[in-house]
Amino acid sequence: ASWELAETQISEVGSSVQALLDAIGGGGVASLALGGLGVPALWALLHNCLGVVLPVVLWCCASLPKAGGSGKKVKQGQEALHAVRVALKGLLAALQTGLGELEEVV
């Protein structure tokens, strides 16, 4: 049950980070203009959100138990652990894509 909970929470963090990235970059350059609402949101993302999320995600990636056996097959009983790995991969992909889109806006 704990792996299912971890997968759910990682997925929720991923959707929250993606929504924040979309809100910041969604207004284009105008939202990042001086006095725009995107500037404080970008600061909050870079200073608060990523300062916590990135180290935790990287720690999770390094600390998850290794899948038994060779290959990419999911062993019976380890479906939830595999789902956590997929959620972490999705979160990292969302961060990379979102930051790349923000770089294009700026």
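In what follows, the accompanying structure is described. (Residues numbered from 1 in each chain as written. Predicted model: local features only at pLDDT ≥ 70, side-chain atom pairs only at ≥ 80, totals over all residues. Heavy atoms only, no water.)

### Points about the nonpolar core
Consideration 1: Core analysis: the biggest nonpolar cluster contains 20 residues, and Ile10, Leu45, Val53, Leu88, Leu91 and Leu95 have the highest contact counts within it.
Consideration 2: No other element matches helix α3 (residues 79-105), which puts eight residues into this core.
Consideration 3: Residues contacting Leu95, with those up to four places away along its chain left out, are Val17, Leu21, Leu50, Val53 and Leu54. (Core = buried A, V, L, I, M, F, W, Y, C linked by side-chain atoms within 4.5 Å. Buried < 20%, exposed > 50% of the residue type's maximum accessible area, 1.4 Å probe, protein only. Helix = DSSP H or I, 4+ residues; strand = E, 2+ residues; numbered from the N terminus. Contact = heavy atoms within 4.5 Å.)

### Considerations on the environment of Ala23
Consideration 1: Topologically, Ala23 is positioned in helix α1 (residues 2-25).
Consideration 2: Separated by 18 residues in sequence, Ala23 and Ala41 place their C-alpha atoms 8.4 Å apart.

### Some words on the environment of Leu81
Consideration 1: Mapped onto the elements of the fold, Leu81 is located in helix α3.
Consideration 2: Between the C-alpha atoms of Leu81 and Leu64, which are 17 residues apart in sequence, the distance is 8.3 Å.
Consideration 3: Discounting residues that sit within four places of it in the chain, Leu81 has contacts with Trp3, Leu64 and Pro65.

### Some remarks on helix α2 (residues 38-63)
Consideration 1: Here α2 spans 35 Å end to end across 26 residues, near enough to the 38 Å set by a 1.5 Å rise per residue.
Consideration 2: Its maximal kink placed at Leu50, α2 deviates by approximately 45°.
Consideration 3: For α2, the set of buried residues is Gly38, Leu45, Cys49, Leu50, Val53, Val57 and Cys60.
Consideration 4: The secondary structure elements touched by the buried residues of α2 are α1 and α3. (Expected span 1.5 Å × (residues − 1). Bend = angle between axes of the 7 residues up to and from the residue.)

### Digging into the packing of α1 against α2
Consideration 1: Relative to each other, α1 and α2 sit at 155°, their axes nearing to 10 Å. In terms of orientation, α1 and α2 fall into the roughly antiparallel class. Of the two possible hands of crossing, α1 and α2 adopt the one that is left-handed. The segment α1 lies against α2, with Val13, Val17, Leu20, Leu21 and Ile24 engaging Gly38, Ala41, Leu42, Leu45, Cys49 and Val53. (Axes fitted to C-alpha atoms, helices over the stretch in contact; angles between N-to-C directions. Parallel < 35°, antiparallel > 145°, perpendicular 65-115°, else oblique. Left-handed = near helix turned anticlockwise from the far one by under 90°.)

### Here we look at the packing of α2 against α3
Consideration 1: α3 packs onto α2 with a crossing angle of 150° between their chain directions and a minimal axis gap of 11 Å. Considering their axes alone, α2 and α3 lie roughly antiparallel with respect to each other. Crossing geometry of α2 relative to α3 is assigned as left-handed. Each of Leu42, Leu45, Leu50, Val53, Leu54, Val57, Cys60 and Cys61 in α2 lies in contact with α3, whose residues at this interface are Leu88, Leu91, Leu92, Leu95, Leu99 and Leu102.

### With respect to the environment of Gly14
Consideration 1: Counting through the fold element by element, Gly14 comes out in helix α1.
Consideration 2: Overall, the relative accessible area of 12% leaves Gly14 in the buried class.
Consideration 3: In the structure, Gly14 is positioned 80 residues away from Ala94 in sequence and 7.0 Å away in space, judged by C-alpha atoms.

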